[in-house]
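Topology and contacts: notes
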Amino acid sequence: MASYIGSATSRVDGRAKVTGEARYAGEFNVPGLVHGYVVESTIPKGRIARIDTSGALAVAGVIDVLTHQNRPPMADKDDAYKDEVAPEKGSPYRPLYDDSIHFSGQPLALVLAEDWETARVAASLVRVEYQKEPHVTDLHAQRDKAFAIDAPAKPRGDAEKSFAAAAVRHEAEYYIPTEYHNPMELFASTAIWDGGELTVYDKTQGVQNVQKYLCGVFDMKPDEVRVMSPYMGGGFGAGLRPQYQVVLAVLGARALKRPVRVMLTRAQMYALGHRPASIERLALGANSGGTLDAMTHEAIAVTSQFEEFARNDTGWGNLLYKSATAKFGHQLVKLDVPTSCDMRAPGAATGVYALECAMDELAIALKIDPMQLRLQCYSDRDQGEDLLYTSKQLRECYRQGAAAFGWDKRKVEPRSMRDGSELVGWGMATGVWEALQMPATVRIVLTANGHAEVATAASDIGTGTYTIMAQVAADMLGLPIDNISVKLGDSTLPQCPVEGGSWIASSVCNAIANTARAVRGDLLKLAKAMKDSPLADAGVDEVALTDGKIVSTRDTNRAVSIASAMQSDNAERITREETNKVAEDKSHARNVHSAIFAEVKVDEELGVIRVTRVVNAVAAGRILNLKTAHSQMMGGVVWGIGMALHEETLFDHRFGRVMNANIAEYHVPVNADIHDIDVIFVEEPDEIVNPLGIKGLGEIGIVGVAAAIANAVYHATGKRVRDLPITLDKVVQFD
Ligand code: MOS
């Protein structure tokens, strides 16, 4: 009887966002607010020999300048700085802690002034003398220093031997440069400290993560720190870990005993975490009929000198393609840069790009249609763990995606399709991601006037969490969606993990279901106690809440209105809090899948590439909201186009600095780069993955898109570009 779940409901927070009523971390104005501006290191490695703040302090309106020498106390143990997303190995970075410099752009001082402009101009007057040390920022130059970490998947058989003996082989290296999240909203924190309690408005994907972190760093008790992030202008993983500006804002507030806001500039955000550059080696061996004998995937990725960040780049082939043998490896190279971090589909965006280009190249070597090769190698099991899937409608993704795209009209030979002066290329790829659930608790307060408040400490990073929660609660409580208010982004709300990993939809919605069931039980108890109750014999799972009534599912004539049940006991409100059941059951693999088909048109003389059509067919369990889901997938495709053709962080390795720390020169797709994007949701009922069959859509949209485009560029031009982005200079010299 679901009426909201699955519908194309508009965002419940849409009006608040477009009218400016929704406030972001840098918009909470409090009387006496002080503005902080960050002074950054211009060198990547060494020490501060001397820091002279006198020039800044002489500026009218400057209140103080904090450095490692005069900052308020902060913790001196690594553990205090470990947030829930911190890499296991290493020492988290401590802003303004001491005189050591670990990366270019590191904050060295915080200028505190009555207004932001004053703080900014004064920051330019802080003089730093450095004691420089030799630095390294070039992955390629340092690859011989790579060291192995645990691979995400175990080897199967002797892949090297099988590869050597295979009838058809493809072996190549692919490269993905450092990429930045570039969320529209700048990182900002507003900290208010009255000497006792600390309240922080922060741009974060995890208010409770930041709350615990601040308790550690500043040795405060949980009930002394409250962190809020009601709205976010994009996160993409950049806001999973506490970023340094939140520490600076709190240091400022503690030093001055006044509220302090620190907002980073776009350029300063290029000294935060990023998608690590990686070199991905694939070696695929097949028999002449096109089934895999050997699959090797080895990644070398960047981390900082002080933490070991790594994600699963290499294990995805185990999920997608049957292979008699397999080998996986992951190595890290430490560079003098900030620690890399999660960025939409971390590991998969990069690893699957390489895998899916390699499969295309193998198909060409085998003279088999690339989709046919994928179908021939299709795996119904996760070979790494030898598990069946809770559901896997990837075959249907291929079928429906290919049909919508017109794949059967593809001519096999490269450079064989044209549109006037443009070469036309068609490419395809597979996408895969995880379908996880994490423990989350949801509180529902149902009031006698038929209104319900649904609350948890999740953040809505722009994905539509407010909306899907309202939909699910409305259906489960039998109320119109306008009677539901959702509260998020406050660390004092019931426990919720960081908004990441595509796990929030499944986690919080299943928690809503459990809490709604508890509310239903309370209502039924009230209804049963009523005189001549028509529900006297009903159990909690024999009634539903529908249209403001408690209704017997066996006989819908037997019903009691929620209002009268509550009035009968003078109950003003029913409050319940429940957690989703996260299955301990390890008997199935849990994944989402997609098939992406891309058309490019390449100007033969200039090499200009346009992505004229993309079809992305995704199987991700139950789709809660067709509208927000469609937007999420479309956004993923747009980002995949950026990954394929535009995005690249350029370093001047002599200085260890990012050269294009702005969105003018760090290219991202603009409207003119985006043409037809067709999103197909393949039906995928799943009763195993979790009770509501939700798999999550946060990350799958980007996975495989860059590979489909790279494969299309090869098909158009006959030129295989393996290092991203595929810029026109790399394709214009056709061989
Ligand atoms: Mo996502 S990279 O887990 O925010």
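Being a predicted model, the structure only gives us computed values, none of them experimental.

Cut-offs used in this document
Residues numbered from 1 in each chain as written. Predicted model: local features only at pLDDT ≥ 70, side-chain atom pairs only at ≥ 80, totals over all residues. Heavy atoms only, no water. Pairing = 2+ DSSP bridges. Helix = DSSP H or I, 4+ residues; strand = E, 2+ residues; numbered from the N terminus. Axes fitted to C-alpha atoms, helices over the stretch in contact; angles between N-to-C directions. Contact = heavy atoms within 4.5 Å. Parallel < 35°, antiparallel > 145°, perpendicular 65-115°, else oblique. Left-handed = near helix turned anticlockwise from the far one by under 90°. Salt bridge = Lys/Arg side-chain N within 4 Å of Asp/Glu carboxyl O. Expected span 1.5 Å × (residues − 1). Buried < 20%, exposed > 50% of the residue type's maximum accessible area, 1.4 Å probe, protein only.

1. Observations regarding the sheet that holds strand β7 (residues 147-149)
Read across the sheet, five strands follow the order β7-β15-β14-β13-β8 without closing on themselves; strand pairing throughout is mixed. With one partner strand each, in any of the chains shown, β7 and β8 (168-176) form the two edges of the open sheet. Recorded for the sheet is a direction-independent mean angle of 20° between the axes of neighbouring strands. Set on the sheet, helix α10 (residues 348-366) makes contact with β8, β13 (278-286) and β14 (292-304); between it and β8 the angle comes to about 150°.

2. Thoughts on the packing of helix α16 (residues 626-645) against helix α17 (residues 705-717)
Relative to each other, α16 and α17 sit at 50°, their axes nearing to 8 Å. With respect to their mutual orientation, α16 and α17 come out oblique. Crossing hand, α16 versus α17: right-handed. On α17, the residues that touch G636, V637, G640, I641, M643, A644 and L645 of α16 are V705, A706 and I709.

3. Focus: the pattern of salt bridges
All chains considered together, the criterion is met by 42 salt bridges. Each of the salt bridges in this network shares a partner with another, and the network as a whole consists of E160, E171, R281, E298 and K327.

4. Some remarks on helix α14 (residues 504-528)
In an α-helix, one turn spans 3.6 residues, which is why side chains three or four residues apart end up on the same side. Compared with an ideal rise of 1.5 Å per residue, which puts 25 residues at 36 Å, α14 spans 35 Å between its outermost C-alpha atoms and is within 8% of the ideal. Where burial is concerned, most of α14 is hidden: 20 out of the 25 residues are buried.

5. Considerations on the sheet that holds strand β29 (residues 609-619)
Here we have five strands laid out as an open sheet, ordered β18-β19-β28-β29-β32, and mixed in their pairing. If you trace the sheet from one side to the other, it starts and ends with β18 (417-419) and β32 (676-681), each paired once. Within the sheet, the average angular offset between the axes of one strand and its neighbour, ignoring direction, is 25°. In this sheet, strand β28 (residues 591-603) lies alongside strand β19 (residues 422-434) in antiparallel orientation, the contact comprising 13 bridges. Each bridged residue has a counterpart across the sheet, and for T430 the counterpart in β28 is A595. The strands touched by helix α12 (residues 394-405) are β19, β28, β29 and β32; relative to β28, the strand with the most contacts, the crossing angle is about 25°.

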